[in-house]
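Here is what each chain is made of, one letter per residue.
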Amino acid sequence: MASDSPLYIGFDLSTQQLKGLVVNSDLKVVHVAKFDFDADSKGFPIKKGVLNNEAEHEVFAPVALWLQALDGVLESLRKQGLDFRRVKGISGAGQQHGSVYWGQNAESLLRNLDSSKSLEEQLEGAFSHPYSPNWQDSSTQNECDEFDAALGDRKDLAQATGSKAHHRFTGPQILRFTRKHPEVYKKTSRISLVSSFLASLFLGHIAPFDISDVCGMNLWNIKKGAYDERLIQLCSGAFGVEDLKQKLGEVPEDGGLHLGSVHAYFVERFGFSPDCTVIPATGDNPATILALPLLPSDAMVSLGTSTTFLMSTPSYKPDPATHFFNHPTTPGLYMFMLCYKNGGLAREHVRDAINESLKDTPAQPWANFDKVALQTAPLGQQSPTDPMKMGLFFPRHEIVPNIPKGQWRFTYDANTGNLKETTDGWNSPQDEARAIVESQLLSCRLRSRDLTVSPGGGLPSQPRRVYLVGGGSKNKAIAKIAGEILGGVEGVYSLDVGDNACALGAAYKAVWGIERQPGQTFENLIGQRWNEAEFIEKIADGYQKGVFEQYGQAVEGFEKMELQVLQQVAEKGDGDDY
Ligand SMILES: Nc1ncnc2c1ncn2[C@@H]1O[C@H](COP(=O)(O)OP(=O)(O)O)[C@@H](O)[C@H]1O
Ligand SMILES: O=C(CO)[C@@H](O)[C@H](O)COP(=O)(O)O
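The model shown is predicted, which means the values in this text are computed figures rather than measured ones.

Asker: Describe the sheet that holds strand E15 (residues 299–303), and please don't skip the residues or the numbers.
Answerer: Across the sheet, which stays open at both edges, the 7 strands sit in the order E17-E18-E16-E15-E22-E23-E24 with mixed pairing between neighbours. Edge positions in the sheet fall to strand E17 (323–326) and strand E24 (536–540), since each of these pairs with one other strand and no more. Taking each pair of neighbouring strands and ignoring which way they run, the sheet shows an average axis angle of 30°. Sheet topology note: the E15/strand E16 (residues 307–313) ladder contains 4 bridges and is antiparallel. From the neighbouring strand, Val 301 faces E16, where its bridge partner is Phe 309. Contacts from helix H17 (residues 476–486) reach E15, E16, strand E22 (465–469), strand E23 (491–495) and E24 within the one sheet, and its direction differs from that of E24 by about 75°.

Asker: Let's hear about the UniProt feature "domain: Carbohydrate kinase FGGY C-terminal" (unreviewed entry) in the protein chain: which residues, and what values?
Answerer: Within this structure's numbering, the places UniProt gives as "domain: Carbohydrate kinase FGGY C-terminal" (unreviewed entry) are residues 299–512. Between the first and last C-alpha atoms of residues 299–512 the distance is 22 Å; the span itself is 30% helix and 24% strand.

Asker: Could you give an account of helix H2 (residues 63–79), with specific residues and numbers?
Answerer: Here H2 spans 25 Å end to end across 17 residues, near enough to the 24 Å set by a 1.5 Å rise per residue. H2 sits mainly inside the fold: 13 of its 17 residues count as buried. Positive backbone phi, approximately 95°, marks Gly 81, located one or two places after H2.

Asker: Which residues make up the site of ligand 1, and what values go with them?
Answerer: Lining the immediate environment of ligand 1, one finds 16 residues, of which Gln 17, Thr 305, Glu 348, Gly 471 and Asn 475 sit closest. Ser 14 is positioned with one of its side-chain polar atoms (N or O) 3.4 Å from an oxygen atom of ligand 1. A distance of 3.3 Å separates an oxygen atom of ligand 1 from a polar atom in the backbone of Gln 16. For ligand 1, whose accessible area on its own is 590 Å², the fraction buried by protein is 86%. When residues of the shell around ligand 1 are traced back to their parent elements, those giving at least two are strand E2 (17–24) and helix H14 (344–357).

Conventions and cut-offs
Residues numbered from 1 in each chain as written. Chains lettered and ligands numbered in written order. Predicted model: local features only at pLDDT ≥ 70, side-chain atom pairs only at ≥ 80, totals over all residues. Heavy atoms only, no water. Pairing = 2+ DSSP bridges. Helix = DSSP H or I, 4+ residues; strand = E, 2+ residues; numbered from the N terminus. Axes fitted to C-alpha atoms, helices over the stretch in contact; angles between N-to-C directions. Contact = heavy atoms within 4.5 Å. UniProt positions renumbered as here; feature names shortened; annotations may be inferred. Expected span 1.5 Å × (residues − 1). Buried < 20%, exposed > 50% of the residue type's maximum accessible area, 1.4 Å probe, protein only. Near = heavy atom within 4 Å. Polar contact = N/O pair within 3.5 Å; in protein donor to acceptor, adjacent residues only side chain to side chain. Areas by Shrake-Rupley, 256 points an atom, 1.4 Å probe, with all protein chains shown as cover.

If you want it as structure tokens, here you go:
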């Protein structure tokens, strides 16, 4: 490639870090920089990127932290030798659902950014509220109940917005905000999602919401392609519909829209070209499905702080247990998603417990976890007549299903259907390495089975391929178990970019936004340039006859186990009952 050929940057503003990844028009990665919130930030008492108010089940992140991180990542890219003049387009991905509350002076502070000062110095005062509610927050049960009831019940809400009410969704969060901080809400000029916040910084004015990420609010009526008036009415509380609509702003349909040129701050401070164009940033999960030309028969599992299961599909089949979003680039397609709060951090608890029980601190912290997980038989069954061991391991209030934190261990006899809550026969924590991975993946299989089809040849319904992405995708033990449980006729794959899939998807979105021909879809453009042999690697077998069917029986027990736990917590007046 010529030394002045175009480059594109995708940013990923996730829970624990901000990444910036640069690609060329051939989709090859040429630079990656990362700012780890806990390790690299100064002045924020955060842990794993967030702050907690346990008493109210609140989880939130300081917005100024992200300003510090953005200058930090751009500085790292400069040190790596990135020639910013070549960057033709920028897009991004933000952790979903988080909201940023801008003060009255926001537009003027953004417009007048001074390149001799840092973003943090200049914009610290641009917010009416210094914190962004995080997707791990579960403070909004009352508001969720009101959202579910607003259109009838949770099924009706899911039908309209793609999801039932969820604690982390922005609509219930805004409603709670109007009640907890009415004076601050009154002084708020605009509300951004984390994705549109990121785009706003580059633009130097407040960017609109993205057509996919807006579906994570419980406010957008997907089939109507507009805000749902009844939900806006509810969410605006005492402040009125027009006021809220003005705070939220318009939502352009085109995910490749040219929002405008990068602000002079970035031109003067880092050497961007003044005609570098900002393309809408989307949610981190929608961006992840853009990291490759994903087919409707494929599944992606993102093993980040959260575990998410993602598919691209032409069918809109909303259900209270799942999520549907508009596809980030392609009208007529949807993104199907399951999201587990107890993903990476829950697996880390088991990993640490195993290392502790072995009194070992291995150089590769996952070494013991992996060894034990692979030594354990599927479902802990030494022989087919043994009962299956299965459990739920939730150090945090879980989303799917809505169950408060806790641990539950069961045995299940698939022949008799007998399910028993017991720790008998469990060797904890060793048995939990395999059990926690199985638990997360059995839940994915249970909830995605209606979207998968038989690949033919008499094989059972399953994905064509399973792609693993996110921090946990480098773990071969998890990949092996994923293939055994989810299947995948062609196998389990990881992306060459490892845990940077989300930033890569954002960078590809920028390539598409700038280089597409009129009417050219994302799939078409990326599909033509995609170099499969170079970009992905098969890391585990997928469908294996026998074990796949064994896990098929386990799914039945797993469903029963969840229902039993849901009933127990409902009797205690905790959680809810879908
Ligand atoms: N070798 C590994 N095996 C399993 N999990 C891992 C491994 N390496 C990193 N992880 C997990 O990856 C998570 C971070 O994933 P990442 O996708 O980078 O985060 P984010 O959610 O912030 O985007 C950590 O919580 C960690 O548990
Ligand atoms: O809440 C969700 C999706 O609904 C999470 O997936 C967030 O989008 C944060 O993701 P990571 O930081 O784990 O990537």
